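Architecture at a glance
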Amino acid sequence: MTEVVHTPEALQQALAATRESASQGPVSLVPTMGALHEGHLTLVREARKLGNPVVVSIFVNPLQFAPGEDLDAYPRTLEEDVAKLEAEDVAAVFAPTPETMYPHGPRTTVHPGPLGSVLEGKTRPTHFAGVLTVVAKLFNLTGATDAFFGEKDYQQLVLIRQMVDDLHLPVRIHGCPIVRDADGLALSSRNRYLSAAERATALAIPRALATGSLAKARQLLDATEGLHLDYLVTTAPDLSELPVGYTGPARMLVAAKVGTTRLLDNAPIEVEAPTN
């Protein structure tokens, strides 16, 4: 049975019960903010393949929400989430309070560097400091040796890898492909905010990415009534700018608002040399 714990001490006790000896061993972590969907459960299944005890954290992190964002409205469905995770046989659900995570308030934080101020960081300048701070704390509190993140929040994934590299954290980061509904929309806890009509509008986003062409994608999105584009860019896989004349693997990333819901998506693409 999956144990739900709320403190680091209780988490360590739960993990100790899963081990044959009292010695500390590998732990796989899947950090979430709850409101779990199939994308989260896919991460859990990937984590289980390593054979380690799997911890899923559920914590709506106030540090990554700016004033006026949807912190208070963000869905909190702990009972439903735990039921889903019990079916996946995870070792423990770590559901701390803000007071547990930040007993002294947001006193020490992790600065994301220049990459944290572009794309999502341009619109949400404090967001990635909040993300990296909570992720670093979760690594320490859970003793994670492996951590699993989805590629839907691609900039977040790149920044977490950067943090692990720059701070020499002993955690292996596993990026997992985006999981989509049958209609192509990337799974997100915020999709529940969309009306049926808004969801139909939002389907222009995966269709645009599927073109593999920045120009074609922009044309499609600009022509979609009810969709307000924030950014649409093509970058190198590490989010650096593509040099002039570049050919090879790249990433197309988009952020757009449909109604009051801000949606993110991205896709790997190949940049090909122009044909005469």
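Residues numbered from 1 in each chain as written. Predicted model: local features only at pLDDT ≥ 70, side-chain atom pairs only at ≥ 80, totals over all residues. Heavy atoms only, no water.

If you look the chain up in an unreviewed UniProt entry, it shows as Pantothenate synthetase from Corynebacterium wankanglinii. What UniProt states about the chain under its Sequence similarities (unreviewed entry) heading is, verbatim, "Belongs to the pantothenate synthetase family." According to the UniProt record, the Pathway (unreviewed entry) comment for the chain is "Cofactor biosynthesis; (R)-pantothenate biosynthesis; (R)-pantothenate from (R)-pantoate and beta-alanine: step 1/1." (UniProt positions renumbered as here; feature names shortened; annotations may be inferred.)

This part takes up the domain arrangement of the chain. Taken as a whole, the chain is organised into domain 1 (3-176) and domain 2 (191-267). Taken over C-alpha atoms, the centre of domain 1 sits 26 Å from the centre of domain 2. Listed by partner, the interface residues are 17 residues for domain 1 and 14 residues for domain 2. Summed over both partners, the interface of domain 1 with domain 2 comes to about 1,300 Å²; 53% of that surface belongs to carbon and sulfur atoms. When the buried area of domain 1 at its contact with domain 2 is split by residue, L119, E120 and Y154 rank highest and sum to 45% of it. Residues R262 and E120 are paired through a salt bridge, measuring 2.5 Å at the closest nitrogen-oxygen approach. Put simply, domain 1 and domain 2 have 9 residue pairs in polar contact (both at pLDDT 80 or more) between them. Going through the elements one at a time, α5 (120-123) and α7 (154-166) are the ones with two or more residues in the side of domain 1 that touches domain 2. Broken down by element, the residue count for the side of domain 1 that touches domain 2 peaks at 3 residues, all from α7. Of the residues assigned to the side of domain 1 that touches domain 2, the class counts are 8 nonpolar, 3 polar and 6 charged. (Domains from an automatic or database assignment. Contact = heavy atoms within 4.5 Å. Buried area = accessible area lost by both parts, 1.4 Å probe. Salt bridge = Lys/Arg side-chain N within 4 Å of Asp/Glu carboxyl O. Polar contact = N/O pair within 3.5 Å; in protein donor to acceptor, adjacent residues only side chain to side chain. Helix = DSSP H or I, 4+ residues; strand = E, 2+ residues; numbered from the N terminus. Nonpolar A, V, L, I, M, F, W, Y, C, P; charged D, E, K, R; others polar.)

Bringing the UniProt feature "active site" (unreviewed entry) in the chain into the picture now. Cross-referencing UniProt, the feature "active site" (unreviewed entry) maps to H40 in the present numbering. Structurally, H40 can be placed in helix α2 (residues 38-48). With relative accessibility at 13%, the residue H40 sits in the buried group. Ignoring sequence-local partners within four residues, the contact set of H40 consists of T32, G34, A35 and S189. (Buried < 20%, exposed > 50% of the residue type's maximum accessible area, 1.4 Å probe, protein only.)

Moving on, we come to empty space enclosed by the protein. Applying the stated criterion across every chain yields a total of 1 cavity of 30 Å³ or more. If you add up the space inside the largest cavity, you get close to 60 Å³. In this structure, the largest cavity is lined by K152, L185, A186, S188, N191, I205, L263, L264 and D265. Looking at the lining of the largest cavity residue by residue, the class counts come to 5 nonpolar, 2 polar and 2 charged. (1 Å grid on protein atoms, 1.4 Å probe; cavity = no way out; pocket = protein on both sides within 12 Å on 5 of 7 lines; lining within 4 Å. Points joined across faces, edges and corners; volume = space filled by probe spheres on them.)

With that settled, consider the UniProt feature "binding site: (R)-pantoate" (unreviewed entry) in the chain. As annotated in UniProt, the feature "binding site: (R)-pantoate" (unreviewed entry) corresponds to Q64 and Q156 in the numbering used here. The named residues occupy 93 residues along the chain; their greatest pairwise C-alpha distance, 11.4 Å, places them in one compact cluster. Within the secondary structure layout, Q64 lies in the loop between β3 (54-58) and α3 (78-87). Not counting residues within four places of it along the chain, the set of residues in contact with Q64 comprises M33, E69, R124, H127, G130, V131 and V134. A distance of 2.9 Å separates polar atoms of two side chains, one belonging to Q64 and the other to N61. Inspection of the secondary structure puts Q156 in helix α7. According to the relative accessible area criterion, Q156 is buried, its value standing at 17%. When sequence neighbours within four positions are dropped, the list of residues in contact with Q156 reads F128, V131 and F149.

Turning our eyes to something else, we now look at the pattern of salt bridges. Applying the stated criterion across every chain yields a total of 13 salt bridges. The shortest N-O distance in the salt bridge between R251 and E151 comes to 2.9 Å. One end of the pair, R251, is in strand β8 (residues 248-258); the other, E151, is in the loop between β5 (146-150) and α7, with 100 residues separating them in the sequence. Grouping residues by exposure puts R251 and E151 together as buried. The partner of D153 in a salt bridge is K152, with the nearest N and O atoms 3.8 Å apart. You can call D153 partly exposed: its relative accessible area is 29%. Looking at K152, the relative accessible area reads 15%, which means it is buried.

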